[in-house]
Amino acid sequence: MRRIGLMLLLSSLITLGGAFAYPSSYAQSSMDGDGSSNIVEPQEFTVGVYLLNVGKIDLQTGSYDLDFYFWLTTSNSTLDFTKQKPTFDFMNSMNAKIEPSRVEPNYYEVRVKGTFLKNMDFRNYPFDTQQVTVEVEGFETVDKLVFVPDTAASGYDSLINVPGWNLGETEQSVIVHQYPDQSYSRYIFSFDIQRAALSAFLKTIFPVVIITTIAMLAFWMSPTNFPPRIGLAASTLLAAVAAHLAAASQLPPIGYLTLMDKVMIVAYALFLNNLVSMVLQMRLVDHKKEEQAAKVNARMRKLMPVIIGVILTVLVPFDLRVV
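What you see is a predicted model, and the numbers here were worked out from it, not measured in a lab.

**Observations concerning the confidence of the model for the chain**
Here is step 1: Chain-level statistics for the chain give a pLDDT mean of 85 and a share of 85% at 70 or above.
Here is step 2: Note that pLDDT drops below 50 for residues 1-24; the model gives that stretch 7 contacts with residues more than four away or on any other chain.

**Describing the packing of helix H2 (residues 197-216) against helix H4 (residues 259-286)**
The description of two helices packed together rests on the angle between their axes and the distance between the axes.
Here is step 1: It is the contact of H2 with H4, at a shortest axis distance of 10 Å, that shows an interaxial angle of 10 degrees. As the angle between them shows, H2 and H4 are arranged roughly parallel. Note on element contacts: H4 touches H2 through Met260, Val263, Met264, Ala267, Leu270, Phe271 and Asn274, opposite Thr204, Ile205, Val208, Ile211, Thr212, Ala215 and Met216.
Here is step 2: Residue composition of the contact of H2 with H4, by class: 11 nonpolar, 3 polar and no charged.

**Focus: the environment of Asn119**
Here is step 1: Along the polypeptide, Asn119 turns up in the loop between strand E7 (107-117) and strand E8 (129-138).
Here is step 2: Here Asn119 falls in the exposed class, since its relative accessible area comes to 77%.

**Remarks on the nonpolar core**
Here is step 1: Ile57, Leu66, Phe68, Phe70 and Phe90 are the most contacted members of the largest nonpolar core, which has 61 residues in total.
Here is step 2: In terms of residue count, the dominant contributor to this core is H4 (9 residues).
Here is step 3: Split by domain, this core shows at least three residues from each of two domains, domain 1 (43-195) and domain 2 (198-317).

**Remarks on the UniProt feature "transmembrane region" (unreviewed entry) in the chain**
Here is step 1: Per the UniProt record, "transmembrane region" (unreviewed entry) is found at residues 200-220, 232-251, 263-282 and 303-320.
Here is step 2: Counted over residues 200-220, helix gives 81% and strand 0%. Its end C-alpha atoms are 31 Å apart.
Here is step 3: Within the segment residues 232-251, helix and strand shares are 85% and 0% respectively, and the terminal C-alpha atoms sit 30 Å apart.

**Some thoughts on the packing of aromatic side chains**
Here is step 1: Per the counting criterion, the structure on display carries 13 aromatic pairs.
Here is step 2: Geometrically, the ring pair formed by Phe88 and Tyr108 is edge-to-face, given 6.4 Å between the ring centres and 65 degrees between the ring planes. Residue Phe88 is found in strand E5 (residues 88-90), and its partner Tyr108 is found in strand E7; the two are separated by 20 residues along the sequence.
Here is step 3: A ring pair is formed by Phe201 and Phe206, whose centres lie 5.8 Å apart and whose planes are at 50 degrees; its orientation type is tilted.
Here is step 4: By relative accessible area, which is 30% here, Phe201 ends up partly exposed.
Here is step 5: Among the aromatic residues, those joined into a ring-pair cluster are Phe45, Phe68, Phe70, Phe81, Phe88, Phe90, Tyr108 and Phe116.
Here is step 6: In this structure, Arg102 packs its charged tip against the face of Tyr107, placed 4.4 Å from the ring centre.

About the cut-offs
Residues numbered from 1 in each chain as written. Predicted model: local features only at pLDDT ≥ 70, side-chain atom pairs only at ≥ 80, totals over all residues. Heavy atoms only, no water. pLDDT = per-residue confidence, 0-100. Contact = heavy atoms within 4.5 Å. Axes fitted to C-alpha atoms, helices over the stretch in contact; angles between N-to-C directions. Helix = DSSP H or I, 4+ residues; strand = E, 2+ residues; numbered from the N terminus. Parallel < 35°, antiparallel > 145°, perpendicular 65-115°, else oblique. Nonpolar A, V, L, I, M, F, W, Y, C, P; charged D, E, K, R; others polar. Buried < 20%, exposed > 50% of the residue type's maximum accessible area, 1.4 Å probe, protein only. Core = buried A, V, L, I, M, F, W, Y, C linked by side-chain atoms within 4.5 Å. Domains from an automatic or database assignment. UniProt positions renumbered as here; feature names shortened; annotations may be inferred. Phe/Tyr/Trp six-rings, centres within 6.5 Å; stacked < 30°, edge-to-face > 60°. Lys NZ or Arg CZ within 6 Å of the ring centre and 35° of its normal.

Here it is, written out as structure tokens:
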């Protein structure tokens, strides 16, 4: 009898301890009239980001350094963040350093510093606009935990300055990210950074336009002045290639044409037209046909706008097919 009594006492203690245990799941439950448990809705966490600073932006690796506050709030009175902190993960971060900033029973805030990653689109380079994101997932599946964006408090500090870039509007969204075995709620905070148009033009396209224009001045020189014409074409062609390589060195290896590449293809076509014109004129002058050489020079000069139009007509549909 004593043994049976001890077993009943131990069973009662275990049951009592389980009743006071902290809930391990964020899912909200209710009790039916017959006392049975019924899972209803997943727990909602309101989340937000306030950006403090944007550091180095590395186009080669598609990475950028961010410093921001991230917070979660809940209206569930059964949860207490001072006793059990929420668990989450920054999905596109390489080395995020998370420091708790403010912890209350229903409010949890951290300051995050680290390097984040994003696939960037350079089709409009050097006038490209890149989207910078912070992507967060919880450690509970979507049937237990969902995120709701805090649209009122999220944003970025007005003192942020990113040299060479202009900051656009922020956006927030929540998606369901599907893994092979489970689905999770993912919160995405994003904002656009746009390259300063005037600075980008003066540093990339404007030098190419000037170099190409100088090379085309050979069409207004006498067909008999071969040495200065060839020297002008060769030197400017080398300068154009150097400008193209300098612009391309800022980007990672990509499998599509950028706006800068299209500009350079047009410039190379004009250089080719110029050099072919010189070769034809040299042959005519060698055969004492200066008048025919002058006519060839005039025709090839008038061909320049046609070349530009044909190249652009070919490149634009090609780019659409690639996209």
